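One-letter residues, chain by chain:
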Amino acid sequence: MQNPHSIKLLIVDKEPSVRFELTELCRGVADLQVLGEADSGRAAIDAAQSLAPDLLLIDVALPDMSGFDVLRNLANDAGRLGIMTSHQPDFAEQAIAEGAVDYLIKPVNPDRFAHAIARVRQRYSLGELAEFQLKRQMLRLLGRQPKFLVGERQHRLYPLDIEKIDYIEADGNYVTIRTGDAEYISRNSVKRLASELADFGFVRIDRSILLNIRAVHFAEPIGHGALAFTLCSGTCLHSSKTYRETILRILPWHHCRGGSDF
């Protein structure tokens, strides 16, 4: 019977013999569950998105991209960790700098592997592991339906109807999602969400702000190619002239009387 709190793992290496050896090492650890294998970067990304592993045991050098590229591509997924592997010690420093939990030289020594997994356990308490697994499951179920986003507030996860979102604002490595008088956080980026939500009435009005046009009560020019957006909630947001053309594609202000000032 599988441990419900087991660490779910994806093995990524171009060499079948190495994948077999790593699988055997994992089978000797009670709280590890191997979900699958991948032999390339693209296959790893697809597998991670469909299987939602907690940990990637991933080779630095893959046929189509580096293991670092894979981890960067998956960086927004909730709480996922990576252990890098290589035949050479050259990339150890970069691996740690990029957030990998550990760096293992192949062939992987069993004691060294056990030490790396112990470091993973230190990063995951059981409560955190269960929370991250739930969040990834919700993201997987809702991620293909862009009318919803998953937001977090007070350690609870909420599926948010995008029609009720007022705006999304960058906040370090996260974004803050504001809906009326409530706000949620999500490990995402304004740039990525701007692309995903472009067909749903969201427009980037500033480097750090993605606005839902449905939430706008009125807008007025403030000069120098900028607008002040007053939302139905009473909040006022100012656009940047850098995004003037982007805004005009959504709101054809120049077709309105007096719109030439914008």
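As a reminder, the structure under discussion sits directly above these lines.
Residues numbered from 1 in each chain as written. Predicted model: local features only at pLDDT ≥ 70, side-chain atom pairs only at ≥ 80, totals over all residues. Heavy atoms only, no water.

> Please explain the pattern of salt bridges as it appears in this structure.
Any two side chains of opposite charge can pair, on the condition that their charged atoms come close. Applying the stated criterion across every chain, the model contains 15 salt bridges. Aspartate 69 serves as the salt-bridge partner of arginine 72, at 2.8 Å between the closest nitrogen and oxygen. Within this pair, arginine 72 and its partner aspartate 69 are both found in helix α3 (residues 67-73), separated by three residues, close to a single helical turn. In this structure, arginine 178 engages glutamate 183 in a salt bridge whose closest nitrogen and oxygen atoms are separated by 2.4 Å. (Salt bridge = Lys/Arg side-chain N within 4 Å of Asp/Glu carboxyl O. Helix = DSSP H or I, 4+ residues; strand = E, 2+ residues; numbered from the N terminus.)

> Quick question: what am I supposed to make of the sheet that holds strand β5 (residues 102-105) here?
In a beta sheet, neighbouring strands are held together by backbone hydrogen bonds and run either parallel or antiparallel to one another. Reading across the sheet, the five strands line up as β2-β1-β3-β4-β5 and stay open at both edges, with parallel pairing between neighbours. Edge positions in the open sheet fall to β2 (32-38) and β5, since each of these has one partner strand only. Each adjacent strand pair in this sheet contributes to an overall mean axis angle of 25°, direction not counted. Pairing of strand β4 (residues 81-86) with β5 involves four bridges; the strand directions are parallel. Each bridged residue has a counterpart across the sheet, and for serine 86 the counterpart in β5 is isoleucine 105. Along the sheet, helix α5 (residues 110-123) makes contact with β1 (7-12), β2, β3 (55-59), β4 and β5, crossing β5 at roughly 165°. (Pairing = 2+ DSSP bridges. Axes fitted to C-alpha atoms, helices over the stretch in contact; angles between N-to-C directions. Contact = heavy atoms within 4.5 Å.)

> How should the environment of proline 53 be read in this particular structure?
Following the sequence through the fold, proline 53 ends up in the loop between α2 (41-51) and β3. On the accessibility criterion, proline 53 (0% relative accessible area) is buried. With 42 residues separating them in the primary sequence, proline 53 and isoleucine 11 have C-alpha atoms 9.8 Å apart. (Buried < 20%, exposed > 50% of the residue type's maximum accessible area, 1.4 Å probe, protein only.)

> What am I meant to see in the packing of aromatic side chains here?
To describe a pair of aromatic rings, one takes the distance between the centres and the angle between the planes. In this structure the tally under the stated criterion is two aromatic pairs. Directly above the ring of tyrosine 158 sits arginine 153, whose terminal nitrogen or CZ lies 5.3 Å from the centroid. Cation over ring: arginine 187 sits above tyrosine 174, and NZ or CZ is 5.4 Å from the ring centre. (Phe/Tyr/Trp six-rings, centres within 6.5 Å; stacked < 30°, edge-to-face > 60°. Lys NZ or Arg CZ within 6 Å of the ring centre and 35° of its normal.)

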